[in-house]
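Geometric and topological summary
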Amino acid sequence: MAPADHRLPTDTDNGLLLIISGPSGVGKTTITRGVERSIPDAVFSVSWTTRAKTDADVEGVDYHFVTDEAFEAKKAAGGFLETAGVYGKKYGTPSDWVVEQLKRGRLVILEIDVQGAIQVKRKVPEAFAIFILPPTEDELLKRLRERKRESEDQIQKRFAAARREIAAARDSGVYDAFLVNADLDATIREAVRAVERARRAVR
Ligand code: 5GP
């Protein structure tokens, strides 16, 4: 790969960090991937995590699955733009890759939680942050149940955590847009329009 200071013909000055957050069960991953597909120069930042890989995860695509030691070593070396603890596991955004992609003028998408969004906005105030909301709390509970991944007890814990996450997002003051996901395609279109407006504004 070319060094970061070497300008390529495809480089632009149009780089923007896009943060997408939302509680589990809200359709956040589908929306993130939809935005990535809809914007030609969008790239997805693959986080490091110490959580166990599930059958639904692809190493290097969804996450880099690492040991606690590897995570802590990278953190000590200043290798993360932000880190967070979620359900007792660690998550972090590798900074080198993100900085490199921003220099290339890309739209760099971070799918991270509120703790992470607060840290990123502190370092990169021009980052654009979207929070995805469920249409109603009842609808969120219904969607968590429909995933059939967990016991009712676990579902109730996720639901309580989701309510806390929504409250924390509102209190944080870091989100530029709150989008209600009543319809996936419509929400993706709305997110893309919001990003296009933000990019015109920073140019
Ligand atoms: P999951 O383990 O279900 O994929 O993700 C759990 C939560 O961690 C989600 O809210 C997700 O957005 C968040 N998350 C994933 N990667 C990162 C990261 O690198 N940093 C932060 N702060 N949160 C992350």
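Cut-offs and rules
Residue positions are given per chain, counting from 1 as you read along its sequence in written order. Given that the model is predicted, a residue must reach a pLDDT of at least 70 before its local features are reported, and side-chain atom pairs must reach 80 or more before they are shown or counted; all residues, however, enter totals for whole chains, interfaces and linings. Here the side-chain values reflect all heavy atoms present in the structure, with hydrogen atoms and water set aside. Consider each residue's heavy atoms; a residue with any of them within 4 Å of a molecule or strand counts as near. Residues adjacent in sequence count toward polar contacts only when both atoms are side-chain atoms; beyond that, a polar contact is any pair of N or O atoms within 3.5 Å, and within protein one must be able to donate a hydrogen and the other to accept it. Calculation of accessible area relied on Shrake-Rupley with a 1.4 Å probe; when residues are assessed, cover is drawn exclusively from the protein chains displayed. Helix numbering and strand numbering both begin at the N terminus, where a helix is a DSSP run of H or I of at least 4 residues and a strand a DSSP run of E of at least 2. Each residue receives one of three labels: charged for Asp, Glu, Lys and Arg, nonpolar for Ala, Val, Leu, Ile, Met, Phe, Trp, Tyr, Cys and Pro, and polar for the others, Gly being one of them. Note on method: axes are straight lines fitted to C-alpha atoms, helices fitted across the in-contact stretch only, with angles between N-to-C directions ranging 0 to 180 degrees. To sort the angles, those under 35 degrees are grouped as roughly parallel, those over 145 as roughly antiparallel, those from 65 to 115 as roughly perpendicular, and the leftovers as oblique. Two helices crossing with the near one rotated counterclockwise from the far one by less than a right angle form a left-handed crossing, whereas a clockwise rotation gives a right-handed crossing. Contacts: residue pairs with any heavy atoms within 4.5 Å of one another. Here, a salt bridge means any Lys or Arg side-chain nitrogen found within 4 Å of an Asp or Glu carboxyl oxygen. Between any two strands, pairing holds if DSSP finds at least two bridges. Buried means the residue's accessible area, taken with a 1.4 Å probe over protein chains only, is under 20% of the maximum for its type, while exposed means over 50%, and partly exposed covers the values in between. This arc is taken over the directions from the axis of the helix to the C-beta atoms.

**A few points about the site of the ligand**
S47, R51, Y63, E82 and Y91 are the nearest of the 14 residues found near the ligand. Y63 is positioned such that a nitrogen or oxygen atom in its side chain is 2.5 Å from an oxygen atom of the ligand. Between an oxygen atom of the ligand and a main-chain N or O atom of G92, the distance comes to 3.4 Å. If the ligand stood free it would expose 510 Å²; the protein chains cover 86% of that surface. Elements that contribute at least two residues to the shell around the ligand include exactly β5 (80-86) and β6 (89-94). Broken down by class, the residue content of the shell around the ligand amounts to 5 nonpolar, 4 polar and 5 charged.

**Brief notes about the packing of helix α5 (residues 137-146) against helix α6 (residues 152-172)**
Relative orientation of the contacting elements α5 and α6 amounts to 140°, with a least axis distance of 10 Å. The orientation of α5 relative to α6 falls into the category oblique. Considering only the axes of α5 and α6, their crossing is right-handed. Contacts between α5 and α6 involve E137, L140, L141, L144 and R145 on the former and, on the latter, E152, I155, Q156, R158, F159, A162 and R163.

**Re the pattern of salt bridges**
Here the structure, examined in full by the defined rule, presents 15 salt bridges. Taking the shortest distance from any N to any O, the salt bridge between E72 and K90 comes out at 2.8 Å. Of this pair, E72 sits in helix α2 (residues 68-76) while K90 is found in strand β6, placing the two residues 18 residues apart along the sequence. Linking K121 and D176 is a salt bridge whose minimum nitrogen-to-oxygen distance equals 3.0 Å.

**Structural notes on the sheet that holds strand β7 (residues 107-111)**
Across the sheet, which stays open at both edges, the 5 strands sit in the order β2-β7-β1-β8-β9 with parallel pairing between neighbours. The sheet is open, and its two borders are formed by β2 (42-44) and β9 (177-180), each paired with just one other strand. The sheet shows a mean angle of 25° between the axes of neighbouring strands, taken without regard to direction. Pairing of β2 with β7, which is carried by 3 bridges, proceeds in the parallel orientation. In the sheet register, A42 faces β7, and the bridge partner there is L107. Where helix α3 (residues 95-103) meets the sheet, its contacts fall on β1 (16-21), β2 and β7, and the angle it forms with β7 comes to roughly 150°. Helix-sheet contacts for α6 involve β8 (128-133) and β9, and the interaxial angle to β8 is about 145°.

**Concerning the pairing of β9**
Of the two faces of β9, the one lined by A177 and L179 is fully buried and the one lined by F178 and V180 carries no buried residue. Sheet topology places β8 next to β9; 4 bridges connect them, and they run parallel. Along β9, the bridge assignment pairs I132 with L179.

**Points about the sheet that holds β6**
Spatially, β4-β3-β6-β5 is the arrangement adopted by the 4 strands of the open sheet, whose pairing is mixed. The outermost strands of the open sheet, each flanked by one partner alone, are β4 (63-65) and β5. Averaged over all neighbouring strand pairs, the angle between strand axes comes to 25°, with direction disregarded. Where α2 meets the sheet, it contacts β3 (47-49), β5 and β6, and its direction lies at approximately 45° from that of β6.

**Points about the side chain of T187**
By the secondary structure assignment, T187 is in helix α7 (residues 184-202). Here T187 falls in the buried class, since its relative accessible area comes to 1%.

**Observations regarding α5**
Taken as a whole, α5 has its buried residues at L140, L141, R143 and L144. Burial along α5 is one-sided: seen end-on, the buried residues are contained in an arc of 160°. Check the buried side of α5 and you find it contacts α6. Looking at the residues trailing α5, positive phi occurs at K148, about 50°.

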